Amino acid sequence: MTGTGEVLLRIEGLTKAYPGVVANSDVSFAVAPGEVHALLGENGAGKSTLVKMIYGLVKPDSGTMTLRGAAYAPSKPGVARQQGVAMVFQHFSLFEALNVAENVALGMQNPPGMRALASRIRQVSQDYGLPLDPGRLVGDLSAGERQRVEIIRCLLQDPKLLIMDEPTSVLTPQEVDILFQTLRQLSAEGTAILYISHKLEEIRALCDAATILRRGKVVATCTPRGKTARDLAEMMVGGTLTPPSRSAKAKGAVALEVSGLSVPSPNLFGTALKNIGFSVQKGEILGIAGVAGNGQDELFLALSGEVRTARDRIRINGAGCGDTGPNERRRAGLVAAPEERLGHAAAPDMSLTENALLSGAVRKGLVSRGFIDWAATRAFAGQIVDSFDVRTPGIRVAARALSGGNLQKFVVGRELSQAPAIVVVNQPTWGVDAAAAAAIRQALIDRAAAGAAVVVISQDLDELLEITDRFAALNGGRLTEPRPTQGLTVDEIGLMMGGAHGMEVAHHVHP
Amino acid sequence: MFILEKRPTPSRFWMAATPVLAVILTMIAGGVMFAILGKDPFEAVRTIFWDPLFDPQFSGYSRPQLLVKAGPLILIAVGLSLGFRAGIWNIGAEGQYIMGAIFGAAAGLAFYPSENRLIFPLMVAAGAFGGWVWAMIPAILRTRFRTNEILVSLLLVYVAQSLLASMALGALRSPDGGGFPGSRNLSQWATSANPELIAGTGMHWGVVAAFIAVIASYILLQRHILGFQIRLAGEAPRAARFAGVNPNRLVVLCMGVSGALAGLAGLFEVTGPAGQISIDFNSGYGFTAIIVAFLGRLNPIGILLAGLLMALTYIGGELAQFMLGLPSAAIQAFQGMLLFFLLAVDMLGNYRIRLGFGRAA
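No experiment lies behind these values; they were computed from the predicted model shown.

## A short note on the pairing of strand β3 (residues 36–40) of chain A
Residues and elements named next belong to chain A.
Right, so step 1: Taking burial as the measure, the five residues of β3 include five buried ones, the bulk of the element.
Right, so step 2: As paired elements, β3 and strand β8 (residues 192–197) share five bridges and run parallel to each other. Opposite H37, over in β8, you have L194 as the bridge partner.
Right, so step 3: Alignment of β3 against strand β9 (residues 209–214), held across four bridges, turns out to be parallel. Paired with H37 across the bridge in β9 is A209.

## Re the interface of chain B and chain A
Right, so step 1: Taken together, the contact pairs 19 residues of chain B with 27 residues of chain A.
Right, so step 2: Secondary structure elements with two or more residues in the side of chain B that touches chain A: α9 (225–235) and α10 (237–242) of chain B.
Right, so step 3: If you tally residues by element for the side of chain B that touches chain A, the top one is α9(B), at five residues.
Right, so step 4: Grouping the amino acids of the side of chain B that touches chain A by side-chain chemistry returns 11 nonpolar, three polar and five charged.

## Some words on the sheet that holds strand β1 (residues 9–18) of chain A
Residues and elements named next belong to chain A.
Right, so step 1: What the four strands build is an open sheet, ordered β2-β1-β4-β5; its pairing is antiparallel. Lying at the two open borders of the sheet, with one neighbouring strand each, are β2 (21–31) and β5 (70–71).
Right, so step 2: The pairing of strand β4 (residues 62–67) with β5 spans two bridges and is classified as antiparallel. Within β5, the position partnered with T66 by the bridge is A71.

## Structural notes on the environment of B:K6
Right, so step 1: With respect to the element layout, B:K6 can be found in strand β1 (residues 2–6).
Right, so step 2: Look past the residues within four positions of B:K6 in its chain and what remains in contact with it is B:N350 and B:Y351.

## Describing the sheet that holds strand β6 (residues 85–88) of chain A
To summarise the sheet geometry, strands pair through backbone hydrogen bonds and adopt either a parallel or an antiparallel arrangement.
Residue and element names in this part refer to chain A.
Right, so step 1: On the basis of which strands lie adjacent, the open sheet formed by six strands has the order β6-β7-β8-β3-β9-β10 and mixed pairing. Unpaired on one side and paired on the other, β6 and β10 (217–222) mark the two borders of the sheet. Across the sheet, the mean angle separating the axes of adjacent strands is 20° when strand polarity is ignored.
Right, so step 2: Where helix α5 (residues 143–155) meets the sheet, it contacts β6 and β7 (161–165), and its direction lies at approximately 175° from that of β6.
Right, so step 3: Relative to β8, helix α6 (residues 173–188) is tilted by about 145°, and along the sheet it contacts β3, β7 and β8.

## What about the domain arrangement of chain A?
All names here are of chain A.
Right, so step 1: By domain assignment, chain A separates into domain 1 (9–242) and domain 2 (254–346 + 420–496).
Right, so step 2: Distance between the C-alpha centres of domain 1 and domain 2: 31 Å.
Right, so step 3: At the junction of the two partners, domain 1 supplies 16 residues and domain 2 supplies 12 residues.
Right, so step 4: Those elements that place two or more of their residues in the side of domain 1 that touches domain 2 are α5 and α6.
Right, so step 5: When its residues are assigned to classes, the side of domain 1 that touches domain 2 shows six nonpolar, eight polar and two charged.

## Some points on unusual backbone geometry
Right, so step 1: Cis geometry marks the peptide bond from B:Y112 to B:P113, where omega comes out at 0°.
Right, so step 2: Turning to its location among the elements, B:P113 is positioned in the loop between α5 (93–109) and α6 (119–145).
Right, so step 3: A positive phi angle, near 45°, is found at A:R369, a position not held by glycine.
Right, so step 4: With respect to the helices and strands, A:R369 occurs in the loop between β17 (367–368) and β18 (371–372).
Right, so step 5: Look at A:R369 and you get exposed, because 6 C-beta atoms sit within 10 Å.

Conventions we followed
Residues numbered from 1 in each chain as written. Chains lettered and ligands numbered in written order. Predicted model: local features only at pLDDT ≥ 70, side-chain atom pairs only at ≥ 80, totals over all residues. Buried ≥ 20, exposed ≤ 12 C-beta atoms within 10 Å, placed from the backbone. Helix = DSSP H or I, 4+ residues; strand = E, 2+ residues; numbered from the N terminus. Pairing = 2+ DSSP bridges. Contact = placed C-beta atoms within 7 Å. Nonpolar A, V, L, I, M, F, W, Y, C, P; charged D, E, K, R; others polar. Axes fitted to C-alpha atoms, helices over the stretch in contact; angles between N-to-C directions. Domains from an automatic or database assignment.

Given below as structure tokens:
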């Protein structure tokens, strides 16, 4: 694929510092035409800042970029696009209330007429095996289909370099395979791809070369096919990893039982829950997988008590509690840790002490006759910080001052420190560094070992395979029958998550 | 150029220092304005801030006025601040204040000329009830039909003003007033009077109520779970729901408390300094209290100080009008500057300013 010595993009000594943190320090590498080049690193290693500089969103402090032999310093994304650099973001910038063609037109400098654009979209989507109806409302599309809108938006500009930021985090395994076919086809046609990920197997399967970043610096370059996933992981983390350990234990009585749970979504374009049923025993961890937007948030809200249902839909230790609020459920023994740390799990501008009170008031008895016992609350906050190794200057600092991993440890720690009978967590390690993620997973396992029933909602399949006893998937607001995690294959999991959403057909027709 | 950089944790120093800085900036900018108007800026600023309290000629009259004016401002602003903290915007305190005066006066006048000692407490309760009822209209419309409480509460002010005029001309008009608009004088009827409690201080029951409200609201916000929920709902509504806060209950509570306190302020005003229900009974306390609430950073102690400061600019402003011949519009602009500078320097608590050259932000 790679021409001899030919270079499309060369980056030399790129440095970018933000107040208090150096995001990139003296980063250099080169991408050849048609090469699939991986940027590998943990969350916070500086991958995003690097590609934002290439895409003209961030201006480097120093260093140079050369594109096809000419100096390249895009002042804004429009300039980057003109020069043939396109990017698909991890978080889509699409308007849900507009249709596909309108969304594509919004990203173009001089969009053609709607009918012409629609036929071009159809053409490109057929050429690359990405079926997409230009007339459909984006709000009705799955996450995978939304990603196709973004990819096609890029392909219409005929890019020379396509940047993809964590593209598979919203896809089922089958959809990943099909995306890879598309990317390989692009690569064969000479389009270079800069592929950002921390998923090692994907990189080994897809990429020709890899640049590994740690704390803003290039620590290694390698050919990923020649390395094991473990080698790559250790280069990325800079140490050896200890996977969470757990011992098999007998399970107890059913602690949480959900049956026939159907809830409309509180959000426009949200996913309604349809007839969901499962049960979790004491000492058991149930994993709920699914591509984002398939009802995870709605299920979490229904379990935490923020959205109420009929009494008998949800039972805690046999007692109906579907119509009770969050505090009644805490009293009954159910604690919950939401996905969004700032604004949902914690109030950003409040201190850790106040945030400890936020969900700890009921079970820790921090309030008597309406008055807050601040001394006890401070002690509780301090206890969380100590026992979950939360790195913070003190419990008086605002929640938003903590890094994502530390705040997540605080949030999960706050719930687990309440001696709960049932734990519900949504995306417990999203955007968290590897060390903190391992600590959080271990804490969940320990809690289950101590007799709690644990429900983990997550999009990270590796995480679920690692820590859960049983496994189910949400797809379009429906939950599959939970199955024992041990012995599940990736193909089976993919089918539980909804397969490829009708994409296989396209590739059979247009290989 | 200047670069604003967000602080990791809000600065406690600047939170406390910004109101002082705002007052100083207002004095400077106001001084410039007075100079342009051809007045001596130092004399003008001194007349506004110093003379009402310390000038031997005026302070005898002005000093008690300070509490008379600050009392209702503080009482209303404390109530409003609870809602504002929770993100519930009661803009109609002026209307609730008027309704408190009407309800309270009517309750008392119904028993005229009885000398029963229970009448005054009854009037106080009726005043609070009047303000509460008027605030419940936007509260219930919001919780039931998701109407905007800003608009509803604001528009109800004009309804209340019309009701006031109708009361002064009709139902509550004094039978002994020779046909002139206006009710009987409540401050001259011993049963309903709200007199100056300590001679020469301006202290009346409304001022006492304001101090009690400040202390109670301080304890509520610092020590009580309800105060915590109010702050949480304002800062992070989703986190509040996660913490088990019922948003509708909070709307009813905050609107109710602010309405009742505004109603109380109206009642104490009509039985004391104003004396009677008249067409022009209200003097804009309900709107000014919004400024006081923000000037005091929605903090009870801050509101106490802000209410006194605002009252001072009113009294000093009037003094400057007739001593120096400053137009009343200039005084209003001066008061406006105070709010403007306060909001402008507000971001110093959360941001620090850096001088940066060459680099793109």
